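Structural overview
Residues per chain, in single letters:
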Amino acid sequence: MRVYLVNPSHLSFGVAVITPRWLFVLAAATPSQWGDPIICDETLELFDANVLMPGDVVGIGIHTGNALRGYELGRLARQRGASVVFGGIHATLYPDEAHELGEAHAVVKGDGDAVWGRVIADCVAGTPERLYDAGRIPGEAFASARWDLLPPDKYMWASVQTVRGCPKHCSFCSVWRTDGQSPRQRGVDAVVSEIVELRRRGFRFIALADDNFYPVSLGDLAQAKRRQDPSRLRQLEAIRAQRFELMERLADLPDDMVFFTQITMEAAEDTRFLEAMRRARIKGALVGIESVTPEGLKDVYKGFNLAGEALVSRLRTFGEHGVYVLGSFIFGLPSDRPETFDATAALATRAGVTFAQFVMLTPFPGTVDFERWERDEAQQGVSIAGVPITRHWLIPQEHRPKVYSPHPVMSADEIRARTQEVWDQFYSLGAIWSRARVVRTWKSRLAFVLISKLYRQMYANTGIATDSARTSRSARMARLIAKPCRRLFAAAPMPELQVPS
Ligand code: SF4
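First, a word on what this report is: a plain description of the structure on this page. (Residues numbered from 1 in each chain as written. Predicted model: local features only at pLDDT ≥ 70, side-chain atom pairs only at ≥ 80, totals over all residues. Heavy atoms only, no water.)

1. Remarks on the pairing of strand β4 (residues 57-61)
- Of all 5 residues in β4, 5 are buried, a share of seventy percent or more.
- Every second residue of β4 is oriented toward a common face, with V57, G59 and G61 on one face and V58 and I60 on the other, all of them buried.
- Judged from the 4 bridges that link them, strand β1 (residues 3-7) and β4 form a sheet pairing that is parallel. In the strand pairing of β4, V3 is matched with V57.
- Taken together, β4, helix α2 (residues 67-79) and strand β5 (residues 83-87) constitute a β-α-β crossover, and its handedness is right-handed. (Buried < 20%, exposed > 50% of the residue type's maximum accessible area, 1.4 Å probe, protein only. Helix = DSSP H or I, 4+ residues; strand = E, 2+ residues; numbered from the N terminus. Pairing = 2+ DSSP bridges. Right-handed = clockwise from strand over helix to strand, strands pointing away.)

2. Regarding the pattern of salt bridges
- Evaluated as defined, the whole model comprises 26 salt bridges.
- Of the charged contacts, one joins E197 and R201 as a salt bridge, the two residues approaching to 3.1 Å between their closest N and O atoms.
- Across the salt bridge formed by E269 and R314, the nearest N and O atoms sit 2.8 Å from each other. With a gap of 45 residues between them, E269 in the loop between β12 (258-263) and α10 (271-279) and R314 in helix α12 (residues 308-320) connect regions that are remote in the sequence.
- For E269, a relative accessible area of 37% translates into the label partly exposed.
- Within the structure, one salt-bridge network assembled from shared partners comprises D111, D113, R164 and R184. (Salt bridge = Lys/Arg side-chain N within 4 Å of Asp/Glu carboxyl O.)

3. Observations regarding the sheet that holds β4
- Read across the sheet, 6 strands follow the order β3-β1-β4-β5-β6-β7 without closing on themselves; strand pairing throughout is parallel. Looking at which strands have only one partner, the edges of the open sheet turn out to be β3 (38-41) and β7 (131-135). Geometrically, the sheet is characterised by an average inter-axis angle of 20 degrees between neighbouring strands, direction not taken into account.
- With respect to the sheet, α2 is in contact with β1, β4 and β5, its orientation differing from that of β5 by roughly 160 degrees. (Axes fitted to C-alpha atoms, helices over the stretch in contact; angles between N-to-C directions. Contact = heavy atoms within 4.5 Å.)

4. Looking at the sheet that holds strand β8 (residues 155-160)
- With parallel pairing, 7 strands are arranged side by side in an open sheet as β2-β8-β11-β12-β13-β14-β15. Where the open sheet ends on each side, the last strands, each with one partner, are β2 (16-18) and β15 (355-360). Averaged over neighbouring strand pairs, the angle between their axes works out to 25 degrees when direction is ignored.
- Strand direction decides the pairing type here: strand β14 (residues 324-331) and β15, joined by 6 bridges, are parallel. Considered in β15, the bridge of F329 is made with F358.

5. Brief notes about the side chain of D179
- Within the fold, D179 resides in the loop between α6 (175-178) and β10 (184-185).
- Although D179 is buried, it makes no salt bridge; R184 carries the closest opposite charge, 4.1 Å away.
- Apart from the residues lying within four places of it in its own chain, the contact partners of D179 are R136, R164, G165, R184 and D211. (Lys, Arg positive; Asp, Glu negative; His and termini not counted.)

6. Re the side chain of N66
- Tracing the chain through its elements places N66 in the loop between β4 and α2.
- Among the polar contacts made by the side chain of N66, one reaches the main-chain amide nitrogen of H63 at a distance of 2.9 Å.
- If we skip the residues at most four places from it in the chain, N66 touches N7, P8 and G61. (Polar contact = N/O pair within 3.5 Å; in protein donor to acceptor, adjacent residues only side chain to side chain.)

7. Considerations on α10
- Along α10, the residues classified as buried are F273, L274, A276 and M277. An end-on view of α10 places all buried positions within 160 degrees of arc, on one side of the element. For α10, exposure combined with an orientation more than 90 degrees from the buried face picks out R272 and R279.
- Its buried side turned inward, α10 meets α9 (230-251), β12, β13 (282-290) and α12.
- Note on α10: the residue one or two positions beyond its end, R281, has a positive phi of about 60 degrees. (Arc of directions from axis to C-beta.)

8. Side note on helix α5 (residues 116-125)
- All of the buried residues along α5 are W116, G117, V119, I120, D122 and C123.
- Packed against the buried residues of α5 are β1, α1 (21-28), β4, β5, β6 (106-110) and β7.

9. Examining the packing of α2 against helix α4 (residues 95-102)
- Interaxial distance between α2 and α4 falls to 8 Å at its minimum, and their mutual angle equals 55 degrees. Overall, the two elements α2 and α4 adopt an arrangement that is oblique. Contact residues: α2 offers Y71, G74 and R75, while α4 offers E97, A98, L101 and G102.
- Its residues placed into classes, the contact of α2 with α4 shows 3 nonpolar, 2 polar and 2 charged. (Parallel < 35°, antiparallel > 145°, perpendicular 65-115°, else oblique. Nonpolar A, V, L, I, M, F, W, Y, C, P; charged D, E, K, R; others polar.)

Structural data, given as structure tokens:
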């Protein structure tokens, strides 16, 4: 009997940017009596279900974007006589769907770290439960990853999680509902030990794969003081103190290490925090900017963000403290107008945003937006390729629309075409080269250009293109660029490196 862990994807690039952490965490949570699990990340290569034997256990982790491919794999695995277990955000939200369409024997809802051993034992005994409600485990119980199972030369960045959950409540995001609004922080020692192990193996670029690296803002502290709520204040201060402790420990790691994380814009008003990030060499952060207008921010319940020139200055503050911003923008919001696209591209440049992604508003399950949209659409009864549009992730890729919500003034095609134009503008060679000045050496600049082009091929062209020929051309191009890119990120292993005390 073998345990397989599969990360589904309908597109493979041979090399990937970031390690899908859950694969290596569940590998660590697999009891040793079942041997080392076999890991398959389909963003590298497609999984060959013919290797499965009756009695094997196959864990498939799905989010909404890869659920359809995941279900296909579940059916193939079951045909081969394996026990099929689904987990991940989408299976947590739609456990019955994983049974119906993915032919699951069992579904795990919530954090799989602690329950996975029991699930395997039940499958082997032939008594899997239909549903394991694993809930949210505390930060101290988060499992470390089995990095010894990483395939060599396949990933540019490794990923380590330091906190789960986010106290905000953005309307397009499901994190605060699935991972909860109370931040669950992992112990600093556990995080640092894992990072040291990765550096020993030759990874110097590490993504801190957190929902929100800045879970307590200055505004939260001020509010607790105003409300004269000492226990809340102590709790928030303790969370914040642990963030600083983590960053101090990161600062003691080898100087060639670089970290990247995900953070809310409020961190820019907290210069003590930004300075700690600088010392820790957290040099990049994905910041959810979403919209450059106050109306757009209202559309997505993101009143804590700024708009217009205040936004430019806040984003620049990150750069002034050595943190490069990957700005994330959403197009297709009800308040967007044709001129919003150019204004967004111009603002991104003016604010010194180093990388950017421009996504089209999509109602994802588990979000406030989805509930509203699903209610409205259910009355219309629209189907595509025989699938109700309210289950859009089940529509075959080639028929999937790019825009789901009717817009008050723009057609779906116009939103798609204008979004593509903004990607083209932001990632033109001239624009990339001028942004590449943020790094000093020629080698770093070359890496910057390559990674910018790769990012665009992987995320823009494959996600927005309307025809499958263009999508596969982009995937081929991404495969070509990915290999040399990876080499630029690799470092000499440091097998003797010790965990700093
Ligand atoms: S979008 Fe970011 S800030 Fe908003 S709820 Fe999700 S994780 Fe939190």
